[in-house]
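# Structural overview
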Amino acid sequence: MGPLSPLKLLPNPSCRSARWGVYLAPHRWFGMLLILVLIGLGGNACRHLGSWARSPQSLPPTPKPFTQFSKQGGIRGQILIPSGTSARLFVYLARITWGPEKGQGAYLLDPSISPWAEIGPDGRFDLPMVEPGAYIIFVGSSPEGAIPLQVAPGRAYIVRIQEGEILDIGTWPSPVR
Amino acid sequence: MNVQRIRVFLLIGIISVGLTGIAQAQSATNQVWTSSITYYTPSDTPGTLMISFYPEGSDTPITLPSISLAPHKAGSLFVGGVSELGSFTRGSAILSSDVPVVATYVQFAAPPETNNYGRLIYSGFDNGAPTFYVPTFLKRQFGSTSLMGIQNLENFEAEIRVRFYAVGSSTPTDDRTYTVPGGSSIIIPAHDTSKVSLPDGFNGSVVIQANRRGDSSIPARVVASAQETDDNGRGAYAFEGVASGADRIYMATMLCNAFGTNQTSYYAIQNISLTSTASVRVFFYDTNGNQIGQTPVQSVGPGNKWSVNPCSYISSGVSGSAVISATGAPVVAIGKVKDNIGMATAFVGQAAGGTKVVAPYIRWAATPTSEWRTYVAIMNVGTGNATDIKVYYYDGNGTLRATHNVATASNPLPPFIKRNTNPQAAGALDAGGNFGFSPPGGAIEVISDQPVVVIVRAQRDLSPPLGSVQRFAEDYNGTIVTP
């Protein structure tokens, strides 16, 4: 239960490379311009909020806004897949919609509208283009069999993705056995 | 816009309530469950699916992002309640669409126990009724305990009267009225004394009646579903409540010690009249077109139920179908299947068939231990031979992957007899030997020249076994749609 390594906004240098991944893919010429801007901003452009030193029961830190080059955010991390797992595993992000009554929300996961990515052989996943918002992370070989990451039994790990930032959730044990 | 609404009642989130004083290493009754919905549109034109989620006890829906439906798209979605702090909460959902949609609800154990328990599956409702029946309800009986959910489909507050009848009694053991906001739901675990007072060992049935709060002259439409979970085991299954009875009920699955694992079906038959006695008889058929047995006529009192084990009337090792016949009062029926390697399933007996039946949750894993496989039983409930039954397999993109000719003029399916199909037999598998996983989603349409009823078995084998449990399985009913 809970992460094995700290949650953070992308520290240098991986943050930069991830951002390039975001921006270079659709518009290479703009990406090159962006690289120059990032170099100009230096390491400060990609803040590292530090380690998640709290207990796994606590909520993850809320990233601060970053200069908005995009309306999108991103998320990456690593899921430790148990040895012997033969099925392909995927990460799905279920967007949370908050209701009019305080504290009540509902999540929706549908692969046709929810961001998803296959988990690599090393357990890593990368979702660079995600609408800002609150999400629950599911892991599974298919959507209907996916299991949410939890910070405690019955309590989902909620991530809040913001514009222009890529969130690294660190390393988590796989909820799929 | 012609919005056709389907109703999917969800028993979402934490439904575990500890059984005080009973130590259990494994207990499906004490398990925490979560859920997903599989859906399919049989439409030839695209549409949009909209979802409203009602937190338990709330009449204020949370409207979720809409989903585009390609023609014949099959998909899966998770919907559930969550608090700001991440706690999962219960509720119900209404799915609406401008094209026909059918949906099936799939519930599975929350992590880390997801793969250690079976799945519960039932079909969504396309409408409700002021009266609903649940043919079986247990409290620590036969090793199982029931949980029932009732959803108010109206936009006004409803008084929902629920009567629990023990077998052999025409006087309810518990009779109480719940007030439920419009669109919202109530969940009644048999062992939750704040919701219902039943003795341990209760074995009975339930009658539900609803009206507008404070005005008994205005009926309120509700839907109901139920699940039964092992108190000291891993078995779990779910089924829909039934809105009306009939004098003839079709059971597409009838088993007596079949398939080498002693798979046996048990029928719970409820007389839904509260005033008249029903005279009930069950007829059993094999897959070769023969009637192979029948029960004597059994009197079933008002509101009461009768349990039938086919093995009392036919030989062992048989797989087939059955027809329940009643006079004097209408009945409803639930079928349960159990075996000696741990599987436990449930499905609803059907009063009528259709010439177009859809099943939205169809899968086939290349290896039976890696994921789920589905097997489909199709029973002809018409008056003549079915000479043209085709099963169309669609994937998650809405692409037709295979067509299986289940009955033809040269190979007809006689009345009351069943025949099977699955993605492998149909030739719907991809290069990896799978169906329904990539792209996510898979469904079938059964098109027949005679009305048919369809039962889908989903199962997964366990390797290594979990103690004595080597297989999880569950059944659900196909949904009749307008051709």
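### Overview of the overall build of chain A
In terms of regular secondary structure, chain A is built from two helices and 12 strands. Listing each helix as α and each strand as β along chain A from the N terminus yields β-α-α-β-β-β-β-β-β-β-β-β-β-β. The burial tally for chain A puts 41% of its 177 residues in the buried class. Intrachain contacts of chain A at a sequence separation of at least 6 include 74% that bridge at least 24 residues.

### A few points about the overall build of chain B
When helices and strands are tallied, chain B shows one helix and 35 strands. Against the compact-globule benchmark of 23 Å for 483 residues, chain B has a radius of gyration of 21 Å, which places it among compact chains. Across its three principal directions, the C-alpha atoms of chain B cover 60 × 55 × 50 Å. Of all 483 residues assigned to chain B, the portion counted as buried reaches 60%. Taking the contacts inside chain B whose residues are at least 6 apart along the sequence as the reference set, 77% of them involve residues at least 24 apart.

### What about the sheet that holds strand 20 (residues 264-271) of chain B?
Residues and elements named next belong to chain B. Taken in spatial order, the four strands make up an open sheet running 24-20-26-27, and their pairing is antiparallel. Bordering the open sheet on either side are strand 24 (305-308) and strand 27 (344-348), each of which pairs with just one other strand. Averaged over neighbouring strand pairs, the angle between their axes works out to 20 degrees when direction is ignored. For strand 26 (residues 331-338) and strand 27, the ladder comprises five bridges, and the chain directions are antiparallel. Note on strand 27: the bridge partner recorded for V337 is T345.

### A few points about the interface of chain A and chain B
Every contact between the two is made by 37 residues of chain A and, on the other side, 38 residues of chain B. It is strand 4 (residues 104-109) of chain A that provides the largest number of residues to the side of chain A that touches chain B, a total of six residues. A class-by-class count of the residues in the side of chain A that touches chain B yields 20 nonpolar, 11 polar and six charged.

### Some details on the domain arrangement of chain B
All names here are of chain B. Annotation of chain B at the domain level lists domain 1 (4-240), domain 2 (248-348) and domain 3 (354-480). Distance between the C-alpha centres of domain 2 and domain 3: 22 Å. Elements supplying a minimum of two residues to the side of domain 2 that touches domain 3: strand 19 (248-256), strand 25 (318-327) and strand 27. Broken down by element, the side of domain 2 that touches domain 3 gets its largest block of residues, four residues, from strand 27.

### Quick word on the pairing of strand 2 (residues 33-40) of chain B
Residues and elements named next belong to chain B. Across the eight residues of strand 2, eight count as buried, placing the element largely inside the fold. The side-chain alternation of strand 2 yields two buried faces, one formed by W33, S35, I37 and Y39 and the other by T34, S36, T38 and Y40. With four bridges joining them, strand 2 and strand 5 (residues 74-83) adopt antiparallel strand pairing. Following the sheet pairing, Y40 is matched in strand 5 by A74.

### Notes on the sheet that holds strand 14 (residues 185-189) of chain B
Residue and element names in this part refer to chain B. The sheet built from four strands is open, its strands ordered 14-11-17-18 with antiparallel pairing. Of all the strands in the sheet, the pair left with one neighbour each is strand 14 and strand 18 (236-240). Between one strand axis and the next, the sheet turns by 15 degrees as a mean value, whatever way the strands run. Where strand 17 (residues 222-230) and strand 18 come together, five bridges link them in antiparallel fashion. The residue of strand 18 that forms the bridge with E228 is Y237.

### Quick look at the pairing of strand 27 of chain B
Residue and element names in this part refer to chain B. Most of strand 27 is tucked away, with five of its five residues classed as buried. Residues of strand 27 alternate between two faces, with A344, A346 and V348 on one and T345 and F347 on the opposite face, all of them buried. In this antiparallel pair of consecutive strands, strand 26 and strand 27, the connection spans five residues, and G342 shows a positive phi of 105 degrees.

### So, the nonpolar core
For soluble globular proteins, nonpolar side chains are generally found buried alongside one another. Residues and elements named next belong to chain B. By size, the foremost hydrophobic cluster in this structure holds 188 residues, and its most contacted members are V79, V222, I324, V331 and V454. Ranked by residues supplied to this core, first place goes to strand 33 (residues 442-466) with 10 residues. Ignoring any residue separated from it by four or fewer positions in sequence, one finds V454 in contact with A252, V357, A359, V376, A377, I378, V446, N477 and G478.

### Thoughts on the confidence of the model for chain A
A residue-level look at chain A finds 59% of positions with pLDDT of 70 or above and a mean pLDDT of 69. Below a pLDDT of 50 lies the segment residues 10-68 of chain A, which in the model reaches 73 contacts outside its immediate sequence neighbourhood of four places, other chains included.

### Things to note about the environment of B:M254
Residue and element names in this part refer to chain B. Looking at where M254 falls in the secondary structure, it is placed in strand 19. Sequence spacing of M254 and P135 is 119 residues, and the spatial spacing of their C-alpha atoms is 18 Å. Apart from the residues within four sequence positions on either side, M254 is in contact with S265, F284, P310, G320, S321 and A322.

### Details of the environment of B:G235
Residues and elements named next belong to chain B. If you trace the backbone, G235 turns up in the loop between strand 17 and strand 18. The buried category is assigned to G235, around which 25 C-beta atoms lie within 10 Å. Sequence separation between G235 and H404 is 169 residues; the distance between their C-alpha atoms is 32 Å.

### Thoughts on the environment of B:P302
Residue and element names in this part refer to chain B. Within the fold, P302 resides in the loop between strand 23 (298-300) and strand 24. Residue classification places P302 among the partly exposed positions, given that 17 C-beta atoms sit within 10 Å. Residues contacting P302, with those up to four places away along its chain left out, are S170, N271, S273, L274, T275, S276 and T277.

### Considerations on the confidence of the model for chain B
Residue and element names in this part refer to chain B. In the predicted model, chain B carries a mean pLDDT of 89, and 94% of its residues have values of at least 70. pLDDT under 50 marks residues 11-24. Its contacts with residues more than four places away, or in other chains, come to 39 contacts. Both scores are available for the predicted complex, with the pTM at 0.82 and the ipTM at 0.73.

### A short note on unusual backbone geometry
All names here are of chain B. Omega for the peptide link from S438 to P439 comes to 0 degrees, which places this bond in the cis form. Among the secondary structure elements, P439 is positioned in the loop between helix 1 (423-426) and strand 33. Cis geometry is found at the peptide bond from S463 to P464, where omega equals 0 degrees. Residue position: P464 is located in strand 33.

Cut-offs applied
- Residues numbered from 1 in each chain as written.
- Chains lettered and ligands numbered in written order.
- Predicted model: local features only at pLDDT ≥ 70, side-chain atom pairs only at ≥ 80, totals over all residues.
- Helix = DSSP H or I, 4+ residues; strand = E, 2+ residues; numbered from the N terminus.
- Buried ≥ 20, exposed ≤ 12 C-beta atoms within 10 Å, placed from the backbone.
- Contact = placed C-beta atoms within 7 Å.
- Rg over C-alpha atoms; globule rule 2.2 N^0.38 Å.
- Pairing = 2+ DSSP bridges.
- Axes fitted to C-alpha atoms, helices over the stretch in contact; angles between N-to-C directions.
- Nonpolar A, V, L, I, M, F, W, Y, C, P; charged D, E, K, R; others polar.
- Domains from an automatic or database assignment.
- Core = buried A, V, L, I, M, F, W, Y, C linked by C-beta atoms within 7 Å.
- pLDDT = per-residue confidence, 0-100.

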